[in-house]
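Fold and geometry: a report
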Amino acid sequence: MDLGLKDKVAIVTGSARGLGLATAKRLAAEGARVMIADINLEAAQASAAAMLSEGLSAHAVGVDITNSADAERLVAETIGTFGAVHILVNNAGVPRDKLIVKMSEEEWDIVIDVTLKGAFLVSRAVMPHLIAQRWGRVINISSRAHFGNPGQANYSAAKAGIIGFTKALAIEQGRYEITVNALAPGFIATEMVLALPHFEKIRERALAAMSLQRVGVPADVANAVAYLASEQAAFITGETLHVTGGRYG
Ligand SMILES: NC(=O)c1ccc[n+]([C@@H]2O[C@H](COP(=O)([O-])OP(=O)(O)OC[C@H]3O[C@@H](n4cnc5c(N)ncnc54)[C@H](O)[C@@H]3O)[C@@H](O)[C@H]2O)c1
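The present account deals with the structure reproduced in this document. (Residues numbered from 1 in each chain as written. Predicted model: local features only at pLDDT ≥ 70, side-chain atom pairs only at ≥ 80, totals over all residues. Heavy atoms only, no water.)

Right, let's get into the environment of V85. Relative to the elements of secondary structure, V85 occurs in the loop between α3 (68-82) and β4 (87-90). Classification of V85 as buried rests on a relative accessible area of 1%. Considering only alpha carbons, one finds V85 and A10, 75 residues apart in sequence, at a separation of 6.1 Å. The residues touching V85, leaving out its near neighbours within four places in the chain, are V9, I11, T78, I79, H129, L130 and Q133. (Helix = DSSP H or I, 4+ residues; strand = E, 2+ residues; numbered from the N terminus. Buried < 20%, exposed > 50% of the residue type's maximum accessible area, 1.4 Å probe, protein only. Contact = heavy atoms within 4.5 Å.)

This is how it looks when you write it as C-alpha cells:
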C-alpha cells in the first residue's frame, strides 16, 4: 500500500530514541524527510547519522520543546533544511511517577510542560505553514494512561489533556485539510519504560489486562503513526487510536 509519504517533510519531537526514533525511521522508509528533534542533541545527531547511513533522509536539531523560541527555531530549521513541513508528530514526553502525596511541584510541572505545553508550542509554530499549503497531519502521542494509572497523576493528566488538545485542533483546522489525531500506546518496550520503578510489576499488570499477550514493540506504534500521517487516513480526524494490544482502561 502506497502511503503517499514520498518527499513529505516530517518533524518528530523526542526522536533521538524510543518510539520517536522508530517513527522517524518508519516515515523515512516511506520516503519522507525527517527532522530528528530532541533535547539531547548528541543522541539526535547519532540517530540521524545512523539513518543517513541506511539511506534514510534525516536531519538532527537540538531543541527543548517547552521553550517557545526553540519551537520556532525547530520549524525555521526544518523549512531551511527541507523547504517545507507537512507532518508533525508531537511525541516527546517524560514520566515522573510518584503517588500524589509524594509528588513535588517540579515533578508535576515538567510532565505537564513537556507533554502539553511542548505540543502546544510546536503545533503553534508549525500550523501557519500547514494552513498556507492547505494540507497537514498532526499526530499527538498520548498514552493508555489517559484512563488513569496509580502513581501517574501528572502523566495521566497530561495524556488526557493531549486528547482534548487534539479534538480542539481537529475542529479548528479541518477546513484547511489538516487532520489532527492522537495515538495512545499501551505498554511498549522502550528505554523510558524499562527505566520505570517497579517495571516487572507494571509488566505483569499490563499483560493480565491485555487481549494480545505480549509487550508492544516500537514498530507497533510507528506503523500506526505512518498510517495516520498518510493519504489513506485523510477522512480521520479528532480521533484517539489505541495501540495497546487490546487494553482499555
Ligand atoms: N513506551 C511506552 O510504553 C509508552 C506508552 C505510552 C505512551 N508513550 C509516550 O510515547 C512518547 C515516547 O516515549 P518513549 O518510551 O519513546 O520515551 P523515551 O524516553 O525513550 O524518549 C523520549 C525522548 O524525548 C526527548 N525529550 C524529553 N524532553 C524533551 C524536551 N523538553 N524537548 C525535546 N525532546 C525531549 C528525550 O530526550 C527522549 O529522546 C512519550 O510521549 C511517552 O509518554 C510511551
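Read on, since the account is not over.
Enumeration over the complete set of coordinates arrives at six salt bridges. The residue K6 makes a salt bridge to D7 at a minimum N-O spacing of 3.9 Å. Residue class for K6 comes out exposed when judged on its relative accessible area of 60%. Overall, D7 belongs to the partly exposed group, its relative accessible area being 42%. (Salt bridge = Lys/Arg side-chain N within 4 Å of Asp/Glu carboxyl O.)

This part covers the sheet that holds strand β2 (residues 33-38). Here seven strands make up an open sheet; going across it, the order is β3-β2-β1-β4-β5-β6-β7 and the pairing parallel. In this open sheet, the two edge strands, each paired with only one partner strand, are β3 (57-62) and β7 (240-243). Geometrically, the sheet is characterised by an average inter-axis angle of 20 degrees between neighbouring strands, direction not taken into account. Set on the sheet, helix α1 (residues 18-29) makes contact with β1 (9-13), β2, β3, β4 and β6 (178-185); between it and β1 the angle comes to about 170 degrees. Its contacts with the sheet place helix α2 (residues 41-53) against β2 and β3, and it is angled at close to 175 degrees to β3. (Pairing = 2+ DSSP bridges. Axes fitted to C-alpha atoms, helices over the stretch in contact; angles between N-to-C directions.)

I11, L74, V122 and V126 are the most contacted members of the largest nonpolar core, which totals 36 residues. Listing elements by their share of this core, those giving two or more residues are β1, β2, α3, α4 (105-133), α5 (153-173) and β6. With 10 residues, α4 is the single largest residue contributor to this core. Residue contacts for V122: discarding those within four places in its chain leaves T13, I65, A71, L74, L88 and N90. (Core = buried A, V, L, I, M, F, W, Y, C linked by side-chain atoms within 4.5 Å.)

A complete count under the given rule lists one aromatic pair for this structure. Seen in terms of ring centroids, F187 and F199 are 5.8 Å apart; in terms of plane orientation they differ by 25 degrees. Their pairing is stacked. Here the residue F187 occupies a position in the loop between β6 and α6 (191-194), and F199 occupies one in helix α7 (residues 199-209), the gap between them amounting to 12 residues. A single burial state applies to F187 and to F199, both of which are buried. One cation-aromatic arrangement involves K8 over W135; the distance from NZ or CZ to the ring centre is 4.6 Å. (Phe/Tyr/Trp six-rings, centres within 6.5 Å; stacked < 30°, edge-to-face > 60°. Lys NZ or Arg CZ within 6 Å of the ring centre and 35° of its normal.)

Our next topic: the packing of α1 against helix α8 (residues 218-229). In the contact formed by α1 and α8, the axes pass within 8 Å of each other and the chain directions differ by 50 degrees. With respect to α8, the element α1 is oriented oblique. As for the relative orientation of α1 and α8, their crossing is right-handed in sense. Here α1 contributes L19, A22, T23, R26 and L27 to the contact with α8, which in turn contributes P218, V221, A222, N223, V225, A226 and A229. Of the residues in the contact of α1 with α8, the class split is nine nonpolar, two polar and one charged. (Parallel < 35°, antiparallel > 145°, perpendicular 65-115°, else oblique. Left-handed = near helix turned anticlockwise from the far one by under 90°. Nonpolar A, V, L, I, M, F, W, Y, C, P; charged D, E, K, R; others polar.)

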